[in-house]
Structures are given as C-alpha cells and as structure tokens.
Amino acid sequence: MGRGKHGRTWRWLLLVLGVLAVGGCAGLTGRAREEREIAIDLPISRDEAVRRTLATFRIQGYRVRETLTSGTTPETEPFEHEGAEAVFRATITGSARASRVVLTGTYRRVQLGGIVRTKEREVRRSDDPIERALWDRLLNLSLVIRRPAR
C-alpha cells in the first residue's frame, strides 16, 4: 500500500512540475509576457478596415507589398530602421458590422554595411532599443487605424 500511495504522489508532483515548465516561468519571476502583436477592434466592416489599414500604411510612408492575398493580410515592403530591416503585417478579420486588425512585425539586424543580416525576429515590446523603436512605430500605426475617418 505504501508504494502505490507514494507512486501516485510522485506522478502528481511530476505532472504539476511539467505543467509549470511547459507553461513558462513568467508568472514565477514576476515578469510579464512580452507583447508581440497589437489588436484593434473596430466597429466598421472588414472591407472598411482593409481600406483604412492600407491607407494608414501608405500615409505613414510604407510601401505595401502587392500579392493575391494582400487584401486581408497586407504587409509592407522591407524598410530600413536604425540598423535593421523590418516588415510590418496586418491580419484583418471580421464581418459587415465589426472587424479586428492585428498588427505584427519582423526584423533582421543589418551588419557589415548590409552584407550580413541576422536571423529574422519578431518585433515585440521589450527593452531592446531597435525592438522598442519598431514597437512604437507599430503602436503609431494602430492609433491612426483606430481614428475614425474625417
């Protein structure tokens, strides 16, 4: 009886430890999970959200990559920013009454005069100077998209 009881206790303990390990330790260390996207809920149709997002990208000076699916998933052409090459993306979903725009971005650090580019990374809200600057640009895009047309 002792062995079975201890065996179940150990299995339960291992299960709890496994869940904590898989779930991450952010809650235990007090650090919040880093944000990697900006979601904007709008009281307009999905079609209007697509028009507003594309117009905002262009007004802010970004060139939009033209593809067959660029309507609801537009992305910018790569652009230079403080030693990095970045791309911003929007995913637009919704219906005739409401829509959601989710903004994300990726970047590569450019080194040795543009000859070398690092592995692609997600733009996130962090303390890294390049990521912080790119995150601020995404945030600015979200503020303009939220603003109703005049």
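Enquirer: Tell me about helix α4 (residues 129–146), and please be specific about residues and values.
Expert: Here α4 contains 18 residues, and its C-alpha end-to-end distance of 26 Å stays within 8% of the 26 Å for a straight helix at 1.5 Å per residue. Among the residues making up α4, those that are buried are I130, E131, A133, L134, W135, L138, L141, S142, V144 and I145. The backbone nitrogen of I130 lies 3.2 Å from a side-chain oxygen of the residue at the head of α4, namely D128.

Enquirer: Lay out the pattern of salt bridges with the relevant residues and their values.
Expert: Opposite charge on two side chains lets them pair, provided their charged atoms get close. Applying the stated criterion to the full structure yields 10 salt bridges. Close ionic contact of R58 with E66 constitutes a salt bridge, the shortest N to O distance being 3.1 Å. E66 sits in the exposed class, given a relative accessible area of 58%. In this structure, E75 engages R89 in a salt bridge whose closest nitrogen and oxygen atoms are separated by 3.3 Å. Here E75 is found in the loop between α3 (46–59) and β2 (79–81), whereas its partner R89 is found in strand β3 (residues 84–94), with 14 residues between them in sequence. Several salt bridges share partner residues, and in doing so they unite R65, E75, E77 and R89 into one network.

Enquirer: Tell me about the nonpolar core, residues and numbers included.
Expert: One finds V101, L103, L134 and L138 to be the most contacted residues of the largest nonpolar core, which totals 26 residues. Looking at this core, the elements that each hand over two or more residues are β1 (38–42), α3, β3, β4 (99–111) and α4.

Enquirer: Tell me about the packing of aromatic side chains, and name the residues and values.
Expert: For the structure on display, the rule yields 4 aromatic pairs. With a centroid separation of 6.4 Å and an interplanar angle of 70 degrees, the aromatic rings of F57 and Y62 are classed as edge-to-face. Residues F57 and Y62 agree in their burial class; the two are buried. Aromatic pair F79 and F88: ring centres 5.0 Å apart, planes at 70 degrees, arrangement edge-to-face. Each of the two residues, F79 as well as F88, counts as buried.

Thresholds, definitions, all that
- Residues numbered from 1 in each chain as written.
- Predicted model: local features only at pLDDT ≥ 70, side-chain atom pairs only at ≥ 80, totals over all residues.
- Heavy atoms only, no water.
- Helix = DSSP H or I, 4+ residues; strand = E, 2+ residues; numbered from the N terminus.
- Expected span 1.5 Å × (residues − 1).
- Buried < 20%, exposed > 50% of the residue type's maximum accessible area, 1.4 Å probe, protein only.
- Polar contact = N/O pair within 3.5 Å; in protein donor to acceptor, adjacent residues only side chain to side chain.
- Salt bridge = Lys/Arg side-chain N within 4 Å of Asp/Glu carboxyl O.
- Core = buried A, V, L, I, M, F, W, Y, C linked by side-chain atoms within 4.5 Å.
- Phe/Tyr/Trp six-rings, centres within 6.5 Å; stacked < 30°, edge-to-face > 60°.

That is the geometry; function is a separate question.
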